[in-house]
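Results of the structural survey
Okay, here's what each chain looks like letter by letter:
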Amino acid sequence: MATSTQKVEREFLGHTFVYETLVDEETGQTLWNKEIDKQFSKWLYDLKNKDRELFRVQYSISSNAYDVLNRLKDLIGVYDDSLLVRAITITFIGHIDTYKGRSILKRLAEYKKSSALEVLKDGEPLKLSLYFSPSGMRDVESYSKLTKLKKSAAVQNALYSVLLISINEDEEIKKYWEEVILGQLTAIAKAA
């Protein structure tokens with residue numbers, strides 16, 4: 001296997017991150033290590049300082065879903081919409097829509113076919129936006145590419161999924177809600 005050190009370009013949010021790394025000359029595969037990851041993180045923070053709008057995601061939510069979100073804000077003790085929606089999005093990406101969360105996702109797929117989702121989606125549509133941190137946007141961007149969802153659709157999917165879980169009476173879902181999701185949302189909210 002022949003390798004050489006080369007400059008590599010990685011596109012993110014319409015901008016190009018350039019770094020040097022080992023490249024396998026036969027396959028074109030590149031090495032990504034902790035040092036490059038630190039450089040990329042710093043580049044992201046600099047990018048956010050130059051153009052904060054790159055880290056903004058616009059989404060919509062129904063007035064019914066917004067009412068449920070307000071009840072969650074009271075439950076968790078967070079009164080900033082964008083903070084809670086960011087926490088919900090990151091929790092969904094990092095804990096629910098994962099291999100470990102597959103049993104909950106199966107149940108969630110059933111609930112999405114029920115009238116509960118229709119009730120959540122009823123009401124006046126509200127157009128909102130929020131800003132992610134560089135690390136949060138990295139998660140959202142990666143998830144969007146993986147699922148082929150636009151970032152706004154990824155946020156909406158996470159939001160409606162978690163809200164649907166929060167109002168469900170199924171014992172397994174309630175246990176997961178109390179033991180995993182509420183803890184994650186609270187921890188992220190406290191850290192912000």
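Just above sits the structure.
This paragraph deals with the overall build of the chain. Counting its regular elements, the chain contains 8 helices and 4 strands. Shown N-terminal to C-terminal, the secondary structure of the chain runs as helices and strands in the order β-β-α-β-α-α-α-α-β-α-α-α. Counting only C-alpha atoms, the chain reaches 55 × 35 × 30 Å along its principal axes. Residue burial in the chain is summarised as follows: out of 192 residues, 40% are buried. Contacts in the chain between residues at least 24 apart in sequence constitute 64% of all its contacts with a sequence separation of at least 6. Total accessible area on the chain stands at roughly 11,000 Å², and carbon and sulfur atoms take up 49% of it. Computing the positive centroid from 28 side-chain charges and the negative centroid from 28, the chain places the two 1 Å apart.

Before going further, it helps to examine the pairing of strand β2 (residues 15–24). Note on strand geometry: in a regular strand, side chains alternate between the two faces of the sheet. In terms of strand pairing, strand β1 (residues 3–12) meets β2 through 10 bridges, oriented antiparallel. Bridge pairing in β2 links Lys-7 to Glu-20. Counting the residues that bridge the hairpin from β1 to β2 gives 2 residues, and of these Leu-13 lies at a positive phi of roughly 55 degrees.

Before going further, it helps to spend a moment on the packing of helix α3 (residues 81–96) against helix α7 (residues 151–167). Relative orientation of the contacting elements α3 and α7 amounts to 85 degrees, with a least axis distance of 9 Å. Looking at the two axes, α3 sits roughly perpendicular to α7. In this structure, α3 uses Val-85, Ile-88, Thr-89, Phe-92 and Ile-96 to contact α7, whose residues at the interface are Val-155, Asn-157, Ala-158, Leu-159, Ser-161, Val-162 and Ile-165. Of the residues that constitute the contact of α3 with α7, the class distribution is 9 nonpolar, 3 polar and no charged.

Before going further, it helps to spend a moment on the side chain of Asn-168. Secondary-structure assignment places Asn-168 in the loop between α7 and α8 (171–191). Side-chain polar atoms of Asn-168 contact the side chain of Tyr-111, separated by 3.5 Å. Discounting residues that sit within four places of it in the chain, Asn-168 has contacts with Tyr-111, Ile-173 and Lys-174.

Further remarks concern the packing of helix α2 (residues 63–76) against α8. Here α2 crosses α8 at 80 degrees, and the two axes come no closer than 11 Å. In terms of axis orientation, α2 runs roughly perpendicular to α8. Seen from α2, the contacting residues are Leu-72, Leu-75 and Ile-76; seen from α8, they are Trp-177, Leu-182, Leu-185, Thr-186 and Ala-189. Classifying every residue of the contact of α2 with α8 gives 7 nonpolar, 1 polar and no charged.

Note on backbone geometry: most residues besides glycine have negative phi, and most peptide bonds are trans. If you check the backbone angles, Leu-13 has positive phi at about 55 degrees while not being a glycine. In this structure, Leu-13 sits in the loop between β1 and β2. The backbone of Lys-148 shows a phi angle near 65 degrees, a positive value even though the residue is not glycine. According to the relative accessible area criterion, Lys-148 is exposed, its value standing at 73%.

Procedures and definitions
Residues numbered from 1 in each chain as written. Predicted model: local features only at pLDDT ≥ 70, side-chain atom pairs only at ≥ 80, totals over all residues. Heavy atoms only, no water. Helix = DSSP H or I, 4+ residues; strand = E, 2+ residues; numbered from the N terminus. Buried < 20%, exposed > 50% of the residue type's maximum accessible area, 1.4 Å probe, protein only. Contact = heavy atoms within 4.5 Å. Areas by Shrake-Rupley, 256 points an atom, 1.4 Å probe, with all protein chains shown as cover. Lys, Arg positive; Asp, Glu negative; His and termini not counted. Charge placed at Lys NZ, Arg CZ, Asp CG, Glu CD. Pairing = 2+ DSSP bridges. Axes fitted to C-alpha atoms, helices over the stretch in contact; angles between N-to-C directions. Parallel < 35°, antiparallel > 145°, perpendicular 65-115°, else oblique. Nonpolar A, V, L, I, M, F, W, Y, C, P; charged D, E, K, R; others polar. Polar contact = N/O pair within 3.5 Å; in protein donor to acceptor, adjacent residues only side chain to side chain.

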